[in-house]
Amino acid sequence: MDATAGSLYLCQVGETVSCAACCGLYNVAHSDYDRLFSLLAERTRQFEEVPREPTAILDFGNRIESRIKPNRPFDDFHHCPFIGLIGSGKQRVGCLLHPQGAGNRGIDFRGLSYYGAMACRVYFCPSCRNLSPVIHRMVLDAVDDWYLYGLVITEHRLLNAFFHAVERRMGRPLTDKDIARFPAGSPKGVREFLSLKLTWPFRPPTAPGPCNYFFNDRRYTQTPVRYPEPCTEPSRYDLLFQELVSCFDTPASLAAAEAAMDRLVEATATCFLP
């Protein structure tokens, strides 16, 4: 893919679009939008009443953590109790300890968090280096809310697999010129594909919800796709299905999933063909 679009900062990118996945945002027992938003809204409200001094901030963090620690999908993946809603309208997620945070008077309290302030300065999620600028731009243009954005922008294997399938169908790489053809946002096929992260019907009930452990320490590995009998070969979309977490009980369900992916790849590729 063309790399001339330049690097894009992926964490805070708009008034309603941001990502706090590396802080364990979705690693809670109930991570659907409504319950996660309610949790963050109440947490943000409570933090407004906390005196900005270390003991009070640490006590607040310990209280929050004791409530959310049980039943996390990934036990060893820390959920930071200082993730909250930020911005003028509190319409996106971010760090309540940041020096620009409401009530912090320019003081950086991030050193009081589990990983400390240095983590924000030195850590970059795998998507920063494993996704091309073109894919970065496609996702940014397709998503207008923090919830879906944070779920998909960290899925570099899923995104690469989909856009490589699109490029194979096109017979060429995607470039900046392709992005420029859609000033109002990404093609519909891209938006539909990203929404599969929330609506994928073949995710088994035992899956840990939409939360994704995207670090490269191999502490958690992705579950292989479960194919139906008498299937002996993986699907042409095996990597996509694995990243979406898939279980196919019947040949018909596998055929339906492949047909759905064919449609999305075709719809997206067609937008960029002459």
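About the cut-offs
- Residues numbered from 1 in each chain as written.
- Predicted model: local features only at pLDDT ≥ 70, side-chain atom pairs only at ≥ 80, totals over all residues.
- Heavy atoms only, no water.
- Helix = DSSP H or I, 4+ residues; strand = E, 2+ residues; numbered from the N terminus.
- Axes fitted to C-alpha atoms, helices over the stretch in contact; angles between N-to-C directions.
- Left-handed = near helix turned anticlockwise from the far one by under 90°.
- Contact = heavy atoms within 4.5 Å.
- Nonpolar A, V, L, I, M, F, W, Y, C, P; charged D, E, K, R; others polar.
- Buried < 20%, exposed > 50% of the residue type's maximum accessible area, 1.4 Å probe, protein only.
- Expected span 1.5 Å × (residues − 1).
- Pairing = 2+ DSSP bridges.

Participant: When you look at the environment of C231 in this model, what are you seeing that I'm missing?
Facilitator: By secondary structure assignment, the location of C231 is in the loop between α9 (188–199) and α10 (238–244). Sequence-wise, C231 and F162 are 69 residues apart; in three dimensions their C-alpha atoms are separated by 23 Å.

Participant: Explain the packing of helix α7 (residues 156–170) against α9 here, please?
Facilitator: In a packed pair of helices, the relevant descriptors are the angle between the two axes and the axis-to-axis distance. For the pair α7 and α9, interaxial distance at closest approach is 12 Å and the crossing angle is 145°. In this structure, the crossing between α7 and α9 has a hand that is right-handed. Listed contacts from α9 to L158, L159, F162 and F163 of α7 are G189, V190, F193 and L194. The class makeup of the residues in the contact of α7 with α9 is seven nonpolar, one polar and no charged.

Participant: I would appreciate a short explanation of the environment of C128 in the present structure.
Facilitator: Assignment of secondary structure puts C128 in helix α4 (residues 126–130). By relative accessible area, which is 30% here, C128 ends up partly exposed. Distance in space between the C-alpha atoms of C128 and Y9 is 7.9 Å, their sequence separation being 119 residues. Discounting chain neighbours no more than four positions away, the residues touching C128 are L10 and H136.

Participant: Could you clarify how one ought to interpret α7 in this entry?
Facilitator: An α-helix turns once every 3.6 residues. As a result, residues three or four positions apart point the same way. If you check α7, its first and last C-alpha atoms are 21 Å apart, about what 15 residues at 1.5 Å a residue would give, namely 21 Å. Counting buried positions along α7 gives eleven out of 15 residues, so the element sits mostly inside the fold. For α7, every residue scored as buried is listed here: H156, L158, L159, N160, A161, F162, F163, A165, V166, E167 and M170. Remark: G171 follows α7 within two positions and exhibits a positive phi of approximately 80°.

Participant: Looking at this model, I keep getting lost on the pairing of strand β2 (residues 92–95). Mind explaining?
Facilitator: Moving residue by residue along a regular strand, the side chains alternate between the two faces of the sheet. Here strand β1 (residues 83–86) runs beside β2; their pairing, made up of four bridges, is antiparallel. Of the residues in β2, the one forming a bridge with L85 is V93.

Participant: I would appreciate a short explanation of the environment of I86 in the present structure.
Facilitator: Mapped onto the secondary structure, I86 falls in strand β1. In this structure I86 comes out as buried when scored by relative accessible area, which is 19%. In this structure, the C-alpha to C-alpha distance between I86 and P51, residues 35 residues apart in sequence, is 18 Å. Sequence-distant contacts of I86, that is, excluding residues within four places in its chain, are made with Q12, Q91, R92, V93, G94 and C95.

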